[in-house]
Structures are given as C-alpha cells and as structure tokens.
2 protein chains.
Amino acid sequence: MNVTTDHATPTLDDVAREAGVSTATVSRCLNTSDLVSKKTRDKVMSAVELLGYTPNFGARAMAAKRTFTIGAIIPTMENAIFARGLQAFQERLHEKGYTLLVSSTAYRPELEAEQIRSLVSRGADGLLLIGYERDDAVYKYLERRRVPTLAAWAFSDDSPLPSVGFDNQASMLELCNTVLAMGHTEIAVISGIVEGNDRAAKRLEGIRDSLRAHGIDPDRAPVIETSYEIENGAKAFEKLMQAPARPTAVMCGNDVLAVGAMQRAREMGMDVPDDVSITGFDDIELATIVTPQLTTVHVPHRQMGRLAADELIRMVEKDSIGESSQLQSSLRLRGSLKALDDLPANG
Amino acid sequence: MNVTTDHATPTLDDVAREAGVSTATVSRCLNTSDLVSKKTRDKVMSAVELLGYTPNFGARAMAAKRTFTIGAIIPTMENAIFARGLQAFQERLHEKGYTLLVSSTAYRPELEAEQIRSLVSRGADGLLLIGYERDDAVYKYLERRRVPTLAAWAFSDDSPLPSVGFDNQASMLELCNTVLAMGHTEIAVISGIVEGNDRAAKRLEGIRDSLRAHGIDPDRAPVIETSYEIENGAKAFEKLMQAPARPTAVMCGNDVLAVGAMQRAREMGMDVPDDVSITGFDDIELATIVTPQLTTVHVPHRQMGRLAADELIRMVEKDSIGESSQLQSSLRLRGSLKALDDLPANG
DNA sequence: TTGTAGGCGTTATCAC
DNA sequence: GTGATAACGCCTACAA
C-alpha cells in the first residue's frame, strides 16, 4: 500500500505507481476497451478507485485532440422556448457518450461571438447554434477553426450552415391564413426583435405574405417589435389597444409574448377571444396552461433536438459537412382564436 | 508578413513568430495588465488579431492551475424553478470575470455525482450545488479535491456545506398556518419526492409541524409524492379528489405541481378557490399567469443568486471555508386560496 | 500485452 | 522589458 495521506490531486502517474504498471497501461485501461489483460485491468481499476482518480480534462484534450464535448449556444434560458428541444438534444448526446455545454447570449450577437470562442477554446468538438443570421466574421472564424457547426430552430435556403429546423415563414403564413379565414381583417402584430434574429424576421415576413395574398396592405398592420418577455408582450398589447382602430386579432411572435398580451387583456377588462383574438408561436407548455388556451404553431422540439444531435455527431465523427433536414410544424387551434362572425356585434 | 494560408489552429508560438517576440511576451500581453511596453503590446495584439488567435483553454488551465470557471449543478432546466436565481448567479459571475458552466441531474443523485466529477475534471475553481443532502462519498471527494463548494436554495443547520438560502421548513410552516387560520382543516399535500431532496423533505415537514401545532394529526393528511412536473401535479390532484373525504385545501411542494393541480381541477369542473384552495411554493412567473393567481411562498431568487456568486468567489479567491447566509422568504396571498367560511355551504 | 518517450499549448521562474 | 525553459497531465506511436 503506497497510499499517501497527501491531499493533492492524483494523476495518472500516481495510479500507475500504485498499480505497479506504466502510465501507458493505465491510460489504455481508461480509454480503449480491450488491449489490456483482465488481471492488469483489475489492478489498475482498484488503484483508480482507491485514489479517487479523475482524469484531468485539459490534459486529455490537449493530448487526444478530442473532448467528446458539444457546445450549444442559445439566446436565452429564462423561458422555456428552447428547454424541451435542448433537453432532447442533450439526452441523445449523452446516449452517444458526449457531454453538452450550454451557454446563452440574451439575444446579443457580440455575446454569441464571445461564447463561440469560449466553447471552441474549451475544445468543443462541435457546435449547435440557433438560427443562421450572424456576422460574417463569425462564420469565417468557425471555418478557419474547422469546427463542425449546425444551426437549429430554423430551416431556410438562406442558411450558410447546415440546419435542422422548420420553415418559420411558411408556418406563420399558414397561421395567418387561418386567422384571415376566420374573418379577421384588422390584424396587429407583436413581433420579436427582427434585427439579428432570422426566426423573428421570417415569422413577421410570413404574416406580411399572407396579408398581401389576401389583398391587404401589410404596411397597414401595426407592428410592435419587442424582446421575448411576458411583460413586454403585455406592454405592447396595451399600446396596440390605444390606437383609434383596435385590431380584432393580435398575432404574436411567440407564446411568451402572447401570454403577456393575454394577461394584459384581462387586466384591461377585455375578454379573449370575445373582444380580441390572440395567437402565439412555439407551443410551449405555457400555451395550454393559460385560460383560454393559446392558438399557436406547434414545433416538434424534441424531434428537432434528437435529429440535431444525430446530425452534429455525424459531422464530427465522419468529418461530414452536414446535411440539412426540414421538420414539419403544425397549427394548434385553441380557445384564444375565434371566428369574427361569432363576435358580438359592436357599436 | 508571415501569414500562412495554413488552416491549423494558431498557437502562442504562431503569434510570437508573427510579432517577432517570444511566447513569454505574448502570454504577458494576454494576461498581465502592464509589464510590457506599449510598442511591443501593439505589435503583439495586431498579430493576435491577424491570426484570429484564441488561447487553448486546456493548456492554460494546466499551466495556470486556474480556470476562472465556476460550475453549477441543478436538478432540472426543464421548468423555471432555478432559472431566475441561476441567471442572477451567472450575471454576477460574469461581472467578476468568471464563466459559468451549468449541468443538470434530473434529480438523480448518481448523475449529480457524475456531473461533479466532470466539472472538477474540467478544472472548475468552485461549485454551486442545490441543497445539501447527498451521499457522504461525494463530500469526501469534494474535500479531497479541495474544491470550494457552496449550497444554495436551502438554509439549515443540517448542512455540511456553507449555504445561501432560506428555511424551507419555516416558510412552508408559515404558509400552512395561514391556510389553517382560514378555517381549512382537511388539508392534502402534493409533495415533491422527498428521498434525496432536503428542500422537499423540509417543506413537507413544515406542513406537518403546523398541523401538529394546531392539534391535527399530521398522519391524517393525505400526501402524494411525485416529481416536479405539471402533469404529475394534475394526476396527484385527481387521485386526491377520489378519496371519500375531499380536502378543502391542497398544498403543493412547488408552483409547478400546483399549476398542474389547478389545471386538472378545472378539467374536473371544480372551481378554484370556491371548491378547493390550492397553494404552491417558489413564486415563479407561472404563479401570476394562471387564473386565479397562485398563493405561494415567494423566494428571493435573484438576491440568492447574487449572494451565492459573491460568496463562492470569496471562497475561491480568499481560500475561505465559506460563510452561510439566510434569506427571508415571504407569503404571496393570491386568488387560489380562500377562507373556508366563504365557501358555499355544501351538502 | 506492456513500457518508453515525445509532444500537445500555456504559464511562470529564472536569467539577462 | 524581454527571452529561454521547465513544468502541467495525458495520449499515442514505437519498441520490446
């Protein structure tokens, strides 16, 4: 027994000494499945156990040039927009022996660039980003460093990155078509900040497309851009309702904004959907918790997460440039949207 | 111009060569504030820029034995229970030049142990854990590795770790006292899983204390233990309502369970609070979104996050063993709880 | 099947 | 102010 009472972090050397073998052998035990006789392996493993040895990640990364780590950078962890998808992403990675590192940017491009560098310097084997609209310098960096990178939550021909996602524009267009088919003509929009956010931009564009196709001038529809927080949805709603001509339907860039709008509507004594219809996007858990339940666009979050994990790992392991795949979203028609004909005649 | 078109990751060496100085000088420019002449510094910085150099984190950690990284391990990212506090924690860390690494355990102790090892092997300078109940082996490991570790979301004399949090038991006791003062005597509980979760256990204990103090046998109150998911709250509620003697108030271990209970109540055609009162714990955003709003215990999440960051950094930098601090929670009485006298006479 | 030894990219301790 | 150079802990040819 060479156990020292020394409290310093044990290293491969210590384990090797304790087990009476070379460091190479210990390393083999820890990494390669066979290649080591059962007897030696047992000896080594109990030394590892005894010493409470854990490999030094930095050293390992440096020597092996692999980390089995994937980085994901999302705009926010504060609400549930990305929670379900990311959870599925991480579960799949875990199954395949990878670890996920997550960081968030508060929707600020410069922070995203910083986080990308940080994850790359930490040796991430691959990166998952949300959407594809970002500074060219970022793409140059990624390319130079040869870091496999995949975009999620968006699918579009505009993407310079392989992407796993859905068509934000088409989805919102379809929802808007439905709203119009229900007789609404006075539509207002509470959009996310469009600048630097392709998902928000495309969703807004989808509404404009739909209006145009129905002979309505898109520029007539009031649009408020605001960041994705419940309180902001509330404020925007209030502002919209101060206009001389009140909209009969308010379409929101996501569920969070929509819930804020619903909340404020109630506080203002307005009934949803009798006085005003409200729609969201994402179909997060919140959508079915509020009263009435929210009409929204359902996104296959979990499927997207799993697919993204599979594809990113393929890119990493097969040195592939990556293949995009488009997922289908679908409408969820619920209580917050009502046909205009059913509205009580007013004035 | 020695710029090569070589796509390999640039190293300190490359920068040094490009700038015509030694690697030591480059390192100084990147790390120490002065100690380098302005002229050299400029030369170096432009080389860094030109090459798109980012330091290799692993190498740096190995040489410096510091990473300016803090790890946090939370039970779940799926709902907002920890979101606000963690956000504040990370903001404060960022201010002080630290990076936060987060991972989650799905409330599984073995996963927590795994994540702890992972973060330690990644060189985390300090760790934030939730609560204090965990296997002794984990504490031994932490001690051996000399990793400064702080517990949050709980404050109790039982804690083997310095902790920043509130008294879960006293908080829930106070809420229960209030419920009883409103005339309720038939109380049922939907608790989180108590095993391995000191917060859940203490909250339940708080209810039992209160009942006992009011001359009610705590063992008479039906208790269902289930994990923190909306749907589980719903199921538990339904089960409770199948009992011959229906409770007049259902106290839930947190807001997530409470919202599930409210949802199911509505689906079952029961009115909250006229037919049954429901309470939660945490005061997450959800609590004010549901109708009626949820009576709950407010926790100073953001304050807790900030304080935890300050304290943990102090432990890391001053090599301190850490000081605990207790925060005050407070009741939020809202629509989901109603005095029993006001209930319509039944039967 | 096992051991030897070089190298991964930094930082820090010396000299100069 | 600046430049050598020895660690740091691990992996992986290459040898034996």
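Residues numbered from 1 in each chain as written. Chains lettered and ligands numbered in written order. Predicted model: local features only at pLDDT ≥ 70, side-chain atom pairs only at ≥ 80, totals over all residues. Heavy atoms only, no water.

Going by an unreviewed UniProt entry, chain A carries the name LacI family DNA-binding transcriptional regulator and comes from Hoeflea prorocentri.

Considerations on the domain arrangement of chain A
Interface size is often expressed as the accessible area that is lost when the parts come together. Each assigned domain of chain A is listed with its residue range as follows: domain 1 (12-55), domain 2 (65-166 + 300-329) and domain 3 (168-299 + 332-342). Spacing between the C-alpha centres of domain 1 of chain A and domain 3 of chain A amounts to 61 Å. (Domains from an automatic or database assignment.)

Quick word on the protein's contact with DNA strand C
Around DNA strand C, a shell composed of 27 residues is seen, among which Thr25, Arg28 and Thr40 of chain A together with Leu12 and Tyr53 of chain B lie nearest. For DNA strand C, the fraction of protein-proximal atoms (within 4 Å) that sit in sugar or phosphate groups is 64%. Within the side chain of lysine 65 of chain A, an N or O atom sits 3.5 Å from a sugar or linking oxygen of DNA strand C. Contacts to DNA strand C include alanine 59 of chain B, whose backbone N or O atom sits 3.5 Å from a base nitrogen. (Near = heavy atom within 4 Å. Polar contact = N/O pair within 3.5 Å; in protein donor to acceptor, adjacent residues only side chain to side chain.)

Concerning the packing of helix H6 (residues 109-121) of chain B against helix H7 (residues 136-145) of chain B
All names here are of chain B. Packing of H6 against H7 leaves a shortest axis separation of 11 Å and a crossing angle of 10°. Relative to H7, the element H6 is oriented roughly parallel. In this structure, H6 uses Ala113, Ile116, Arg117 and Val120 to contact H7, whose residues at the interface are Val138, Tyr141, Leu142 and Arg145. Tallied by class, the residues present in the contact of H6 with H7 amount to 6 nonpolar, no polar and 2 charged. (Axes fitted to C-alpha atoms, helices over the stretch in contact; angles between N-to-C directions. Helix = DSSP H or I, 4+ residues; strand = E, 2+ residues; numbered from the N terminus. Parallel < 35°, antiparallel > 145°, perpendicular 65-115°, else oblique. Contact = heavy atoms within 4.5 Å. Nonpolar A, V, L, I, M, F, W, Y, C, P; charged D, E, K, R; others polar.)

Observations concerning the relation of the copies chain B and chain A
The two copies are related by a screw operation: chain B maps onto chain A through 180° of rotation and 0.0 Å of translation along the axis, at an RMSD of 0.1 Å. Taken together, the rotation and translation describe the operation of a two-fold axis. For chain B, the minimum C-alpha distance to the rotation axis belongs to glycine 58 of chain B and amounts to 1.9 Å. Here 100% of the interface residues in chain B have copies in chain A that are interface residues too; the copies meet face to matching face. (Least-squares fit on C-alpha atoms with pLDDT ≥ 70 in both.)

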